Amino acid sequence: FYRDSSLYYEMVQSFSIGDWENAFRLNLPILYPALAGVLACLGIPSMPSMLLVSGIFYALTVFPLFHLLKQFFTEKQSLIGVVLFMLHYEAASYYCAPLLDSGRIFFITALMALIFSSRGFSWKKLTLCGICYAALSLVRSEGIILSGMLMAANLIWLLFQCKENFLRSVAGIFYSVAVM
């Protein structure tokens, strides 16, 4: 925990002073340090900016989570699920830490909500999926693998929803990849 957050802290510090060579490292994802670095450039100290970015991702997760739960449960049950997620001690303490996990959870939840919300074929939904695939790839190192797995899930769901038009489903996935 401390080793990772200190590494991201150095990256955010480098970003805030314009040291681009040390702000972005080849083996680490760039979205989180870049967002926290922008806040650090605006005058917020580096560690609070990292905590703020994590907290924002954690707080924003309630929207796709509610939408996802609503696909399977009643609105009241979905709301209870979101409240339990927000109040869970380990989730709140871990996802608000200066780490990349809150961003990963947000984009995975958003992708799952988008995938399961479709009733048929939608270019708008596929565009949003492509943006989430890209962001997931930029927020965590394993995001590229997770994006591929979620693309497969999206293809299966599209094929299930659009049985009559196999080529349109496959074209939709290629479109999402192109947006990514």
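Residues numbered from 1 in each chain as written. Predicted model: local features only at pLDDT ≥ 70, side-chain atom pairs only at ≥ 80, totals over all residues. Heavy atoms only, no water.

Helices and strands together make up the secondary structure of the protein chain, namely eleven helices and zero strands. Along the protein chain, from the amino end to the carboxyl end, the secondary structure elements read α-α-α-α-α-α-α-α-α-α-α. Evaluated residue by residue, the protein chain yields a buried proportion of 44% over its 180 residues. Within the protein chain, residue pairs in contact and separated by at least 24 positions form 62% of the contacts whose partners lie at least 6 positions apart. About 9800 Å² of surface is accessible on the protein chain, with carbon and sulfur atoms providing 70% of the total. (Helix = DSSP H or I, 4+ residues; strand = E, 2+ residues; numbered from the N terminus. Buried < 20%, exposed > 50% of the residue type's maximum accessible area, 1.4 Å probe, protein only. Contact = heavy atoms within 4.5 Å. Areas by Shrake-Rupley, 256 points an atom, 1.4 Å probe, with all protein chains shown as cover.)

Right, let's get into the environment of Lys-70. Structurally, Lys-70 can be placed in helix 5 (residues 62–70). Distance in space between the C-alpha atoms of Lys-70 and Ala-113 is 9.2 Å, their sequence separation being 43 residues.

Before going further, it helps to examine the pattern of salt bridges. Scanning the entire structure with this criterion turns up one salt bridge. Ionic pairing is found between Asp-101 and Arg-104, a salt bridge with its closest N-O pair at 2.9 Å. On the criterion of helical spacing, the pair formed by Asp-101 and Arg-104 is a turn pair, its members being three residues apart in helix 8 (residues 101–117). Arg-104 shares its class with Asp-101; the two are buried. (Salt bridge = Lys/Arg side-chain N within 4 Å of Asp/Glu carboxyl O.)

The next point concerns the environment of Gly-148. Residue position: Gly-148 is located in helix 10 (residues 143–161). For the pair formed by Gly-148 and Tyr-133, sequence separation is 15 residues and the distance between their alpha carbons is 8.3 Å.

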